[in-house]
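# Chains, contacts and geometry: an overview
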Number of protein chains: 2
Amino acid sequence: MSKSDSTIRDIARTLGISKSTVSRALNNHYDVSQETARKVKELALKMDYQPNVLARQLKLQRTNTLGVIIPETINRFFAKAVGGIQEVANSAGYNVMICQSNETLTLEQNNLQTLMSSKVDGLLVSVSRQTDRSDHFQYAINKDIPLVFFDRILEELAVPQVYSDNFDISFQGTEHLIQQGCKRIAFVAGPLHLFNSRNRLNGYLEALKANNIPVLESLIVQANYQAGHVQQYTRHLFDAGEAPDGIFAINDISALEMMHILKMRGLQIPRDVAVLGFNNEVICDFVEPTLSSIEHPAFDMGVAATRILLKQISSKEITQQKELIKSRLVIRESSRRY
Amino acid sequence: MSKSDSTIRDIARTLGISKSTVSRALNNHYDVSQETARKVKELALKMDYQPNVLARQLKLQRTNTLGVIIPETINRFFAKAVGGIQEVANSAGYNVMICQSNETLTLEQNNLQTLMSSKVDGLLVSVSRQTDRSDHFQYAINKDIPLVFFDRILEELAVPQVYSDNFDISFQGTEHLIQQGCKRIAFVAGPLHLFNSRNRLNGYLEALKANNIPVLESLIVQANYQAGHVQQYTRHLFDAGEAPDGIFAINDISALEMMHILKMRGLQIPRDVAVLGFNNEVICDFVEPTLSSIEHPAFDMGVAATRILLKQISSKEITQQKELIKSRLVIRESSRRY
DNA sequence: ATCTGTCCCGGGAACGGTACCGAAATTTTT
DNA sequence: AAAAATTTCGGTACCGTTCCCGGGACAGAT
């Protein structure tokens, strides 16, 4: 825009050749002599020629842009995943357009709409907490837009999915607490229509079963992510009947908030209650006691999902590749008793 | 793309009218009868017509997209700011394209290049930690691309800037520590070629001066953000000569890491050392002692910057509006002695 | 009956590229 | 020397819009 960006035609005119030749020269096409190619490139540089991406996009029906829909950038997991996405995308010559659903279905649908009308070449999606249907994504699939889910996946859709082993790691984390002598382990569950939440809960349940520990409904709470809710269910867990001696929390911040409350009540961690968080935030190392947590390979999941998407875009073949990225249990003081 | 997206021409053909009429009808232009307008819209709906944004962009030389360059999404401040940007942009019908400089100058330059070639209608920028020059931005300005800086600004450029009162809040924070009886306040400074870092340091220095407290070079350290560095300068501060009795840290995580180290050494906070952080992360409320911090109005800055940018885009007039957003001191246990 | 004005509409030129097709120029082969 | 092959280039259509310009129809005014 501005004053007068030089175009391919300007170059052609001043050089006395046709614009097709200029185009070929600039795209290193074979059908052009080295001599003219040199002259064209030289002049292009001198005129500060910048190809008009919009024109190219219109002609090629391709934008070299990937659309990303995530719940929130403020969520460190997704922020990291976006890092991985951008790294892979950029080094492959793609731009990235990020939309946030703010954990709502309607915004997610809007985002999808705008990204599709922006003609992105492919989509990377982690669904919102509210999402309990998939027709909007099916619409995109019907339009042949390559689509890959990561982390918050929709297993019913026939597209590639990248996820972490929520069941295994949850099983493993629960067993770790059991090994530390916990008999009554409280579990903070997420929305159960989400694949991840279900798997985590199942991992917990199976671990209890495998170790002959009775499942107590009263020890399982549902996080609703509202302010004050952690306080509420913590009180519920520790005031009604026999208190838990272990906590598997849905994320580190909640875990720390619970720990804070328990310490105020005079409980010792991990002696009275062992605590295990989720996400392995930096802060885990700087609290007392240091917080055991689960390292979620966010960046790697972004990388993996983007790689699959790019392959999908270039090969045009439909895959349903599932890729599982392993999580890691990081044991620190808050859960170590021996 | 895909099978066969219907175009404006398809509608025209099946309706037996010209595509100009269809275009007018869809854009609610006046030069079209209500009857045909109705028919066109009806058919458009039935054919699931989606306007081809690329064609429109090319024709109008406008993308309805804002470009954003920030250091890192992983940084909560910028993640929040992005939230504010997207909110304002989306409700004004604009998309947002986010690029991360990863705190490097070269990536920042690349980002600018790609955003410009993507023909974004305007730019929102928070410069990287490395950025000590401004010619690349001057290039964009010369091309008449509306540009607004926020938080990490470049004061030498004649464009709108949105920033917070780093000097004032730093002065205020330092004075707070002084009022709590601190005589030897350590200060962790950022890179001094950054406007914000300089202002913060100056606020600290001026507060000391205003309270007749000698400035000690040995109490001022430069954070370089490398792993292990906090440990290093904490040791330096507390092992060489007389120890500080107050700390003004560059961010909450560093503050918490310092507190952790000091507690390990048997120091009491705030009794022996009062601590003040920066950013007011959620975690501040869940540590012991709870951490005093400075609330940085990230979201609001994003909102303000975007509003100015949009005004700039639509009015085409060049302003140099400066907008100052006030920060807030949040006093908690870590700095309260009385 | 002609003129003026309003209301609709169509034709076509852009926007700035890419790509196909054919042709001229040059070289190689027969 | 003629034919064939190859290299290099120009012409042009096209991507799907928007928008300017001009023209036809029809009304009311003269």
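Residues numbered from 1 in each chain as written. Chains lettered and ligands numbered in written order. Predicted model: local features only at pLDDT ≥ 70, side-chain atom pairs only at ≥ 80, totals over all residues. Heavy atoms only, no water.

### Some details on the pattern of salt bridges
- All told, the structure shown has 36 salt bridges over all chains when counted by the stated rule.
- Here A:Arg38 makes a salt bridge to A:Glu35, at a shortest N to O gap of 3.3 Å. Of the two residues, A:Arg38 and A:Glu35 both sit in helix H3 (residues 34-46), 3 residues apart, roughly one turn of that helix.
- You can call A:Arg38 partly exposed: its relative accessible area is 42%.
- Across the pair B:Glu155 and B:Arg198 runs a salt bridge whose closest N-O atoms are separated by 3.0 Å. With B:Glu155 in the loop between strand S4 (147-150) and strand S5 (161-164) and B:Arg198 in helix H9 (residues 195-210), this pair connects stretches of sequence that are 43 residues apart. (Salt bridge = Lys/Arg side-chain N within 4 Å of Asp/Glu carboxyl O. Helix = DSSP H or I, 4+ residues; strand = E, 2+ residues; numbered from the N terminus. Buried < 20%, exposed > 50% of the residue type's maximum accessible area, 1.4 Å probe, protein only.)

### Comments concerning the environment of B:Arg336
Residue and element names in this part refer to chain B.
- Secondary-structure assignment places Arg336 in the segment after strand S12 (328-330).
- The exposure class of Arg336 is partly exposed, given its relative accessible area of 41%.
- Remark: the alpha-carbon pair of Arg336 and Met301, spanning 35 residues in sequence, is separated by 29 Å.
- Those residues in contact with Arg336 that sit more than four places away from it in its chain are Gln180, Pro270 and Ile331.
- Among the polar contacts made by the side chain of Arg336, one reaches the main-chain carbonyl oxygen of Ile331 at a distance of 3.1 Å. (Contact = heavy atoms within 4.5 Å. Polar contact = N/O pair within 3.5 Å; in protein donor to acceptor, adjacent residues only side chain to side chain.)

### What to know about the packing of helix H2 (residues 19-26) of chain A against H3(A)
Residue and element names in this part refer to chain A.
- Where H2 contacts H3, the axes come no closer than 9 Å and their chain directions differ by 85°. With respect to H3, the element H2 is oriented roughly perpendicular. Contacts between H2 and H3 pair Val22, Ala25 and Leu26 from the former with Ala37, Val40, Lys41 and Ala44 from the latter.
- Per-class residue counts for the contact of H2 with H3 are 6 nonpolar, no polar and 1 charged. (Axes fitted to C-alpha atoms, helices over the stretch in contact; angles between N-to-C directions. Parallel < 35°, antiparallel > 145°, perpendicular 65-115°, else oblique. Nonpolar A, V, L, I, M, F, W, Y, C, P; charged D, E, K, R; others polar.)

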